[in-house]
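Next come the chains, spelled out residue by residue.
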Amino acid sequence: MESNKNSELYDVVIIGSGPAGYTAGIYAARANLRTLIIAGVTAGGQLMLTGIVENFPGFPEGVMGPELMDAMRNQAERMGVEIVYEDAVDVDFNTYPRKVMTDSNTFLAKTVIIATGASPRWLGLESEKRLLGRGVSSCATCDGPLFKGAKCAVVVGGGDSAMEYALFLSNLVEKVVVVHRRDKLRASKIMQERALSNPKIDFVWNSVVVDVLGELRVEGVKIRNTLTGEERVIPCNALFVAIGHAPSTEIFRGKIELDEEGYIRLRNGLETSVRGVFAAGDVHDKRYRQAITAAGFGCMAAMEAIRFIEGGWPERLTQEYRTAKALGEEPEAVSNP
Ligand code: NAP
């Protein structure tokens, strides 16, 4: 889309283009609201990095993540949602209408739905950073095929992602080693059973990765046993880090309330600490984190935005802001309620 949107007023501006963002867009546009999705430079969210999705209802044979996101985007566009493929870089929630900025545009919004999701967490090792893209990866379905026929891939983590990665990689490499910091997996029972019974997957318990070895590409990982302190090296060609996700809330820091882990704190249904600004999906939900729950939250956030607009709040807030500005005061309902 052309970059000529400066200062245009939307009923709903949605930041993020995962299942939460697209679903919110579909609902808002269907309610005849002028709706914009700021999709980001890399649109589509985490499902773009996923292989087959077997648990999204309506697809008995499963559906590839990118295909599902493409279908959601098409559906949103058909409903009349406008989409820009830029990153939101800043917001101004101290004013009404709200402002959402990209590098080249400022969008005005009666309501904002934040659906920026979460991104992979890293171990925080210097060597991990240095070898990123050279054997270190956070996405087995994306990068696993690069290691087809390799001797060994190490997966760190004990959740569903780690099991999914290990199972996927077991079809590509000779041996997969899962390194987990405890002696119990967090993954769902079915994923645990599949991984534990796979002869190509070994488990190393009570251990953490303390270094990634190799100059130009990964040649091994150094692990430490958390009970004995003993260190040893596992020679391998790749390291897949699957230790969870962090919410993408950097641009909202100091502007809406976040919890200690950086997830958005909700006040009233899906409303954030700022009136007319709602959150949907992994950006506030650390409990369910599924494509289908994110889509559900997107629907709910859009319904709240619709009610907010139908309830006359944009007019009330605009008036309050004008009055307060004339008096040189901070308008109460415009900033945090
Ligand atoms: P997760 O469930 O939060 O698991 C993260 C794992 O990484 C945990 O085992 C955790 O250990 C470990 N970990 C965290 N920080 C670590 C660190 N600094 N060093 C070493 N290990 C660390 O994350 P996830 O596996 O990405 O799953 C996220 C959500 O998506 C879950 O709800 C999951 O069910 C869902 N999901 C589902 C599927 C599926 O159904 N096919 C696939 C992928 C994800 P502890 O256990 O000791 O905390």
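Residues numbered from 1 in each chain as written. Predicted model: local features only at pLDDT ≥ 70, side-chain atom pairs only at ≥ 80, totals over all residues. Heavy atoms only, no water.

So, the overall build of the chain
Along the chain, the regular secondary structure elements total eight helices and 19 strands. Over its C-alpha atoms, taken along the principal directions, the chain stretches across nearly 70 × 45 × 35 Å. Counting across all 337 residues of the chain, residues that qualify as buried make up 51%. Summarising the internal contacts of the chain: among those between residues at least 6 apart in sequence, 61% fall at separations of at least 24. Split by element, the accessible area of the chain, about 16,500 Å² in all, is 49% carbon and sulfur. (Helix = DSSP H or I, 4+ residues; strand = E, 2+ residues; numbered from the N terminus. Buried < 20%, exposed > 50% of the residue type's maximum accessible area, 1.4 Å probe, protein only. Contact = heavy atoms within 4.5 Å. Areas by Shrake-Rupley, 256 points an atom, 1.4 Å probe, with all protein chains shown as cover.)

Focus: the domain arrangement of the chain
With domains assigned, the chain is organised as domain 1 (9-119 + 245-334) and domain 2 (122-241). Using only C-alpha atoms to locate each centre, domain 1 and domain 2 end up separated by 34 Å. Contact residues are listed per partner, giving four residues for domain 1 and four residues for domain 2. Taken together, the two surfaces of domain 1 and domain 2 that pack against each other cover about 290 Å², and 54% of this comes from carbon and sulfur. For the pair domain 1 and domain 2, the interface holds zero salt bridges. (Domains from an automatic or database assignment. Buried area = accessible area lost by both parts, 1.4 Å probe. Salt bridge = Lys/Arg side-chain N within 4 Å of Asp/Glu carboxyl O.)

Focus on the environment of Leu9
Note on placement: Leu9 falls in strand β1 (residues 9-15). When the C-alpha positions of Leu9 and Val173 are compared, they lie 52 Å apart, and in sequence the two are 164 residues distant.

Brief notes about the sheet that holds strand β15 (residues 220-225)
The strand order β14-β15-β16 describes an open sheet built from three strands, whose pairing is antiparallel. The open sheet terminates on both sides in strands that have one partner only, identified here as β14 (207-213) and β16 (231-235). Each neighbouring strand pair of the sheet contributes to a mean axis angle of 30 degrees, computed without reference to strand direction. Pairing geometry for β15 and β16, over five bridges, is antiparallel. Note on β16: the bridge partner recorded for Lys222 is Val233. (Pairing = 2+ DSSP bridges. Axes fitted to C-alpha atoms, helices over the stretch in contact; angles between N-to-C directions.)

Comments concerning the nonpolar core
Counting residues in each nonpolar core, the largest one holds 37 residues, and the members touching the most others are Val12, Tyr22, Ile37 and Ile113. Of all the secondary-structure elements, those providing two or more residues to this core are β1, α1 (19-30), α2 (65-78) and α7 (291-310). When residues in this core are grouped by element, the largest group, nine residues, is from α7. Membership of the second largest hydrophobic core comes to 25 residues, among which are Ala150, Ala162, Leu185 and Ala187. (Core = buried A, V, L, I, M, F, W, Y, C linked by side-chain atoms within 4.5 Å.)

Focus on α1
The terminal C-alpha atoms of α1, which comprises 12 residues, lie 16 Å apart, in line with the 16 Å expected from a rise of 1.5 Å per residue. In terms of burial, α1 is a largely internal element, 10 of the 12 residues being buried. Taken as a whole, α1 has its buried residues at Pro19, Ala20, Gly21, Tyr22, Thr23, Ala24, Gly25, Ile26, Ala28 and Ala29. Of the surrounding elements, those touching the buried residues of α1 are β1, β2 (35-38), α2, β5 (82-84), β8 (106-114) and α7. Just downstream of α1 lies Asn32, where phi reads positive at about 70 degrees. (Expected span 1.5 Å × (residues − 1).)

Brief notes about the sheet that holds strand β10 (residues 136-137)
Pairing in this open sheet of five strands is parallel, and the strands run β10-β17-β11-β12-β13 from one edge to the other. Of all the strands in the sheet, just β10 and β13 (201-204) have a single pairing partner and so form its edges. Pairing between strand β11 (residues 152-156) and strand β12 (residues 175-179): five bridges, direction parallel. By the bridge assignment, Cys152 is partnered in β12 with Lys175. Lying over the sheet, helix α5 (residues 160-170) contacts β11, β12, β13 and β17 (238-241), oriented at roughly 170 degrees with respect to β11.

Overview of the site of the ligand
Neighbouring the ligand are 19 residues, the closest being Asp160, Ser161, Arg181, Arg182 and Arg186. Interatomic distance of 2.6 Å between a side-chain N/O atom of Ser161 and an oxygen atom of the ligand. Side-chain polar atom of Arg186 to an oxygen atom of the ligand: 2.6 Å apart, as the coordinates give it. Here the shell around the ligand gets three residues from one element, more than from any other, and that element is α5. (Near = heavy atom within 4 Å. Polar contact = N/O pair within 3.5 Å; in protein donor to acceptor, adjacent residues only side chain to side chain.)

With respect to the layout of surface pockets
Here the second largest pocket defines a volume of roughly 200 Å³. Lining the second largest pocket are 13 residues, and of these Thr23, Ile26, Phe56, Gln75 and Ala295 lie nearest its centre. Contributing elements (two or more residues each) for the lining of the second largest pocket: α1, α2 and α7. Class assignment for the residues of the lining of the second largest pocket results in 10 nonpolar, three polar and no charged. (1 Å grid on protein atoms, 1.4 Å probe; cavity = no way out; pocket = protein on both sides within 12 Å on 5 of 7 lines; lining within 4 Å. Points joined across faces, edges and corners; volume = space filled by probe spheres on them. Nonpolar A, V, L, I, M, F, W, Y, C, P; charged D, E, K, R; others polar.)

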